[in-house]
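Residue-level listing of the chains:
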Amino acid sequence: MLPNNTIGVGMGLNFNTANPTTFPAKATGYGVAQASVCDTNGNLLFYTDGTYVVDAHGNLMLHGDSLVTDTALYKYETNYQDINHIDPTSGSTQGALIVPVIGAANKYYIFSNTSGMVYYSIVNMALNNGSGDVDVSHRGILLGSGLNQSLVAVAGTHCDVWVLVHSIGSSTIKAYRVTASGVDTTPVISHYGIYLPTAGYEASIKVSPDRKRISICTYYGGGELCDFDPATGLVSNSRFLNNDQFISTMKPVTSYFFHQSCFSPDNSKVYVLMYNEEYGYVIQFDLTDTTLQTSSVIDSDASITITDIQLAPDGKIYFLHYDFTSNMAYSAIDRIDHPNLLFPACNYHPNAISLYPGSTVNQGLHNMYVKPLPGVTTYVTHPDTGLCQNADSLLLIAPPGFGKYVWSTGDTDQVKPVYGTGTYSVKSGDVCNIQYDTFKVQKVDDAFSLGPDSVFCASSVMLSVPIQNAHYLWQDGDTTGSYKVSQSGIYSVQVSELGCTYGDTIQIGINNVQQALGDDTVICMNGQNIQLVLNANVPADGIVTWSNGSNTKTIIADTGSYWVIVTDGSCVGSDTINIQGQQCNCGGLIPNAFTPNGDGKNDFFHIVFEAGCPINEYTCKIFNRWGNIVFSSADPIDGWDGTYHGQKADVGSYMYEIEFFVGTDYQNVRQFKGNIVLVR
């Protein structure tokens, strides 16, 4: 239900108030077909029984008659407001349905069901001073035939609406898709549904709030629950609602009818109105029980019969109250206050709303007005875009697939030329979805130079791009900002930033005359002559000069100082090396006695080394017979004078330990242990 709804003749329900209230209305219709629509503020626009259209003022809308074109069906009097006339759609359980024309403001489809054929027409509320007008070129267009009295709309998942109707003589349900392109006359067909042999077998379809299930009620055929896919329009997985537990208790049981149904707001319950020759029943089915055998008879008396049942905007369920004993007089509207709860907590409230004084109603309530689901609003911030140095403009492109584009500059094309820097935004919209795209345009001036073609007197040179935080591509695929050049050749690089690309090429000559003879060195001679090979780095056209006068690339060196100079064109390279020789595998003489008597001969104990023998990390320790150190020194020249604590040591035998390295590489260690005799 929408905020305002028409019921029967002379009455409507207003849900804009805290509690729904009745109001007078010149409603059309003889029977059960009812449909109305309001604006976004809840103000009534028009209502229809499927044959006539009445505006908000209660007047027949311009061209608002004859919405069905099969004149053989007409059996009505000339006064459309006469309750005694019979319209072709009035006896259809769901004879009227209103759906918006998707993408066209103020336009609506009216679908009319004559229990055999379905037509559609278009109402334009922008015409006739806002009172509306039926488009005569789109009035009474036959959509399909061989169809039963059911007619309901479901919001799809792709900015569309499905119109569902049950076929006659089959168990087929047809789903007609309504999109921004119009009404698709080729339906999606599902072979799930109760078999309906003739047009006289009334049927109704209701849709769950989550759009995933439908319930079908028919005279004689019982009730059925099916799954529905709002993306494809397909119906599947049908299950009967008939519960043998309570059907066997119905009085009498010769025949019973499932007339109308309604889902609870949370989709967990479905309520069914049933009746037989004497009694009416309100049945609650608990859909959390997949067997559909959990049900409750909410009411069972003579005050319930054939009527519609609907979920209202206040989350409550309403249906008409009828008394068999009063010659089919509908006296009030019943309500289920908490339809999400199991009986009895659902709280069935009979006679909740009294009819408007003087109004008359029949079996029908307002058929649900359905529009496409609200669309998605998307915000996209694009990477910064560059206006290149030599370009006067660039093109900004809004996303494809939308029907309307509005740029922040007022332009309305998908593609916008831009002639300067700044921030630009575009709103792209279709019927259901909106996307906001933001583009920031920056001036990009990345022209650069690697420098002039050059020859470098070096083994390599580093080329650097003087632009930071960009994308680089060298001639060999390297993507770094610096590039090492080790041989002569032509080198190039491209630099890209914000869609702008700049490049440069340079020719490099590498003339490597750098010399590296090595570090100054000391070489162990060990009694042999030194023969060290020295190599100069000489390019193909280079000239080499050694300090010994040689002009070859390689010389054999002995001890001494050597230098080399290599020239190649304007490039000159040189180096010098000093070579020293020394004895490395050498040792010394250790005496076995000494006489520290001051005669200048053999007065000290120490090792006598070979001339030129390099000594490193020297240690000498002398011990008395009790193991005490009487002398210790790290100087190879220093010797023991035969004293201990400033006093002459006793004559006799002493032990010594001597250790040192010879040579310059600290690889040759010498260790000596022995006895020395002190003699006076």
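My aim in this report is to walk through the structure given alongside it, one point at a time. Since we're looking at a predicted model, the values are computed, not measured. (Residues numbered from 1 in each chain as written. Predicted model: local features only at pLDDT ≥ 70, side-chain atom pairs only at ≥ 80, totals over all residues. Heavy atoms only, no water.)

1. A short note on the overall build of the chain
Broken down by element type, the chain carries one helix and 56 strands. Within the chain, the proportion of its 680 residues that are buried is 47%. Partitioning the contacts of the chain with sequence separation of at least 6, the portion at a separation of at least 24 is 52%. Carbon and sulfur atoms make up 49% of the accessible area of the chain, which totals about 31600 Å². (Helix = DSSP H or I, 4+ residues; strand = E, 2+ residues; numbered from the N terminus. Buried < 20%, exposed > 50% of the residue type's maximum accessible area, 1.4 Å probe, protein only. Contact = heavy atoms within 4.5 Å. Areas by Shrake-Rupley, 256 points an atom, 1.4 Å probe, with all protein chains shown as cover.)

2. Structural notes on a nonpolar patch on the surface
Together, Leu 395, Ile 397 and Val 415 line one region of the surface with nonpolar side chains, adding up to about 270 Å² of accessible area. The residue Val 415 is located in strand β33 (residues 415–418) in this model. (Patch = residues over 30% accessible without salt bridge, like charges linked within 9 Å, V, L, I, M, F, W, Y side chains within 5 Å. Salt bridge = Lys/Arg side-chain N within 4 Å of Asp/Glu carboxyl O.)

3. Quick look at the pairing of strand β13 (residues 161–166)
The buried fraction of β13 is high, at six of six residues. Every second residue of β13 is oriented toward a common face, with Val 161, Val 163 and Val 165 on one face and Trp 162, Leu 164 and His 166 on the other, all of them buried. Bridge analysis of strand β12 (residues 152–155) against β13 gives four bridges, and the strand direction is antiparallel. Across the sheet, the residue bridging to Val 152 is Leu 164, located in β13. Bridge count between β13 and strand β14 (residues 173–179): six bridges; the pairing is antiparallel. Within the sheet, the bridge partner assigned to Leu 164 lies in β14 and is Ala 175. What sits between β13 and β14 in their antiparallel hairpin is a turn of six residues, with Gly 169 showing a positive phi close to 75°. (Pairing = 2+ DSSP bridges.)

4. Quick look at the pattern of salt bridges
A full pass over the atoms with the stated rule returns six salt bridges. Its salt-bridge partner being Asp 65, residue Arg 139 comes within 3.4 Å of it at the nearest N-O pair. Of this pair, Arg 139 sits in the loop between β10 (133–134) and β11 (141–145) while Asp 65 is found in the loop between β6 (53–55) and β7 (96–100), placing the two residues 74 residues apart along the sequence. Look at Arg 139 and you get partly exposed, because its relative accessible area is 26%. Judged by relative accessible area, Asp 65 falls into the partly exposed class, the value being 29%. Note that Asp 308 and Lys 206 form a salt bridge whose closest N and O atoms lie 2.9 Å from each other. Highlighted residues: Asp 308 in the loop between β24 (295–301) and β25 (309–311) and Lys 206 in strand β17 (residues 203–207), separated in sequence by 102 residues. Exposure remark for Lys 206: the relative accessible area of 5% places this residue in the buried category.

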